[in-house]
Protein chains: 2
Amino acid sequence: MNIGDVATRAGLPAKTIRYYEDIGLIRPLRDQNGYRAFREADVHKLVFLGRARALGFSIDECRALLALWEDRDRASADVRRIATDHLAQIEAKIADLQDMRDTLGTLVRKCAGDDRPDCPILKSLAAPDQ
Amino acid sequence: MNIGDVATRAGLPAKTIRYYEDIGLIRPLRDQNGYRAFREADVHKLVFLGRARALGFSIDECRALLALWEDRDRASADVRRIATDHLAQIEAKIADLQDMRDTLGTLVRKCAGDDRPDCPILKSLAAPDQ
DNA sequence: GATAAGGGTTCCAGTCACTGGAAGGTCAAG
DNA sequence: CTTGACCTTCCAGTGACTGGAACCCTTATC
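Residues numbered from 1 in each chain as written. Chains lettered and ligands numbered in written order. Predicted model: local features only at pLDDT ≥ 70, side-chain atom pairs only at ≥ 80, totals over all residues. Heavy atoms only, no water.

Undergrad: I'd like a description of the protein's contact with DNA strand D, backed by residues and values.
TA: DNA strand D sits among 19 residues. The nearest are Gly4 and Arg36 of chain A together with Lys15, Tyr20 and Arg53 of chain B. A share of 68% is what sugar and phosphate atoms reach among the atoms of DNA strand D within 4 Å of the protein. Side-chain polar atom of Tyr35 of chain A to a base oxygen of DNA strand D: 3.5 Å apart, as the coordinates give it. Looking at the surface near DNA strand D, the elements with two or more residues in it are helix H1 (3-10) and helix H2 (14-22) of chain A together with helix H2 (14-22) of chain B. At four residues, the largest contribution of residues to the surface near DNA strand D is made by H2 of chain B. A class-by-class count of the residues in the surface near DNA strand D yields seven nonpolar, six polar and six charged. (Near = heavy atom within 4 Å. Polar contact = N/O pair within 3.5 Å; in protein donor to acceptor, adjacent residues only side chain to side chain. Helix = DSSP H or I, 4+ residues; strand = E, 2+ residues; numbered from the N terminus. Nonpolar A, V, L, I, M, F, W, Y, C, P; charged D, E, K, R; others polar.)

Right, dumping it as structure tokens:
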């Protein structure tokens, strides 16, 4: 299978698939003409990667998850640890963003948003504590 | 004032302050010896920038906010628009992360996390719909 | 006067995960 | 034979820094 078909099937840009080969996540074969020749297993890996990336796992975490996926003797505890760590990061990020949203939301509600210069948003940025 | 003192007062790394000069956000003077010479106005700008960055505004948004801050004839509507747009992005990001958290949280709760290979997390990554 | 510590300076490279684009090879259809 | 859609590699750019090398300036101490 050529890269275009794989891209469609895996829902990833061809560029991204080439990049994943570059960094050693996949190892497609090559046809005589130099084209990448993907097997079903490669497509499955790419779907896996796309899904893991969509859940926000870093490339390194994806690499680890892929290795575990291919390891019949894995302990699910190892997978769970990666997922739990990542979940904690997501939750921290959500908390950060919620703080931003709350602060910014309050400021936006206080701002008249008219043609006058007076602006609580700028005031707060200049002197957050007052 | 030298960069070290400014860094302390503004709560930004000296490297970041140099970078902000590089990209034209600030224009400190120079001493005879080549050292940057910061005025109070520079420090205020840097505090402003640090605060705006902490609220997640991009550098370009910071640049626009800074320009509005310095413009006595600004309309608060312009500030409000930037903030509202950014708020929408934050909310979208929060929604994305919450989806990730929900999906991942469910999977983590289903995973035994023991020394056996069976793992709902990997299963879901391989075939999300089943 | 030499030296060391603790500032400061510039410039280059690396981060992360792609993405865009140039320049060129391959293949099937008309 | 040409057109167009594929494919290839390689290089550069993204955002917002961050690390490090190599070097200069100032002050204090021996």
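Undergrad: Talk me through the packing of aromatic side chains; I want residue IDs and the actual numbers.
TA: Residue and element names in this part refer to chain B. Taken as a whole, this structure holds four aromatic pairs over all chains when the rule is applied. Ring geometry for Tyr19 versus Tyr20: centroids 6.0 Å apart, planes at 45 degrees, classification tilted. Exposure remark for Tyr19: the relative accessible area of 43% places this residue in the partly exposed category. We classify Tyr20 as buried; its relative accessible area is 5%. (Phe/Tyr/Trp six-rings, centres within 6.5 Å; stacked < 30°, edge-to-face > 60°. Buried < 20%, exposed > 50% of the residue type's maximum accessible area, 1.4 Å probe, protein only.)

Undergrad: Residue-level account of the interface of chain A and chain B, with values.
TA: Taken together, the contacts link 49 residues of chain A with 49 residues of chain B. Both faces combined, the contact of chain A with chain B buries some 4300 Å², and carbon together with sulfur accounts for 75% of it. Looking at the side of chain A facing chain B, the largest losses of area belong to Leu104, Leu122 and Leu125 of chain A, adding up to 16% of the total buried there. Connecting chain A to chain B are zero salt bridges. For the pair chain A and chain B, the number of links is 14 residue pairs in polar contact (both at pLDDT 80 or more). Top element by residues in the side of chain A that touches chain B is helix H5 (residues 76-110) of chain A. It accounts for 20 residues. Among the residues making up the side of chain A that touches chain B, the classes are represented as 29 nonpolar, nine polar and eleven charged. (Contact = heavy atoms within 4.5 Å. Buried area = accessible area lost by both parts, 1.4 Å probe. Salt bridge = Lys/Arg side-chain N within 4 Å of Asp/Glu carboxyl O.)

Undergrad: Before we move on, can you summarise the relation of the copies chain A and chain B with the specific residues and values?
TA: With an RMSD of 0.1 Å, the operation that places chain A on chain B is a rotation of 180 degrees combined with a shift of 0.0 Å along the axis. Those values place the two copies in the arrangement expected of a two-fold rotation axis. No C-alpha of chain A approaches the rotation axis more nearly than that of Ile94 of chain A, which lies at 2.9 Å. A share of 100% of interface residues in chain A that are also interface residues in chain B marks the association as one of identical surfaces. (Least-squares fit on C-alpha atoms with pLDDT ≥ 70 in both.)

Undergrad: So, the nonpolar core: which residues are in play, and what are the values?
TA: Counting 76 residues, the largest nonpolar core has Leu46 of chain A together with Leu46 of chain B as its most contacted members. Apart from the residues within four sequence positions on either side, Leu46 of chain B is in contact with Val6, Ala10, Leu12, Ile17, Tyr20, Ile26 and Phe38 of chain B. (Core = buried A, V, L, I, M, F, W, Y, C linked by side-chain atoms within 4.5 Å.)

Undergrad: Could you give an account of the environment of Thr16 of chain B, naming the residues involved and the relevant values?
TA: With respect to the secondary-structure elements, Thr16 of chain B resides in helix H2. A C-alpha to C-alpha distance of 9.9 Å links Thr16 of chain B and Gly50 of chain B, two positions 34 residues apart in sequence.

Undergrad: Lay out the pattern of salt bridges with the relevant residues and their values.
TA: Counted by the stated rule, this structure contains 20 salt bridges over all chains. The closest approach of N and O atoms between Arg39 of chain A and Asp42 of chain A, which form a salt bridge, is 3.2 Å. Look at Arg39 of chain A and you get partly exposed, because its relative accessible area is 38%. Arg81 of chain B serves as the salt-bridge partner of Asp78 of chain B, at 3.3 Å between the closest nitrogen and oxygen. Of this pair, Asp78 of chain B and Arg81 of chain B are both found in helix H5 (residues 76-110), three residues apart, which corresponds to roughly one turn of the helix. Note on Asp78 of chain B: relative accessible area 31%, which makes it partly exposed. Where salt bridges share partners, they join Glu21, Arg30 and Arg36 of chain A into one cluster.

Undergrad: Describe the state of the cysteines, naming the residues involved and giving the relevant values.
TA: Tallying each qualifying case throughout the model produces zero disulfides over all chains. Left unpaired, Cys62 of chain A is separated from the closest cysteine sulfur, that of Cys119 of chain B, by 14 Å. For Cys62 of chain A, a relative accessible area of 0% translates into the label buried. Of all cysteine sulfurs in the structure, the one in Cys111 of chain B sits closest to Cys119 of chain B, which takes part in no disulfide; the separation is 3.9 Å. (Disulfide = S-S within 2.5 Å.)

Undergrad: Talk me through the domain arrangement of chain A; I want residue IDs and the actual numbers.
TA: Once the domains are mapped, chain A shows domain 1 (1-57) and domain 2 (75-130). On a C-alpha basis, the centres of domain 1 of chain A and domain 2 of chain A stand 36 Å from each other. (Domains from an automatic or database assignment.)

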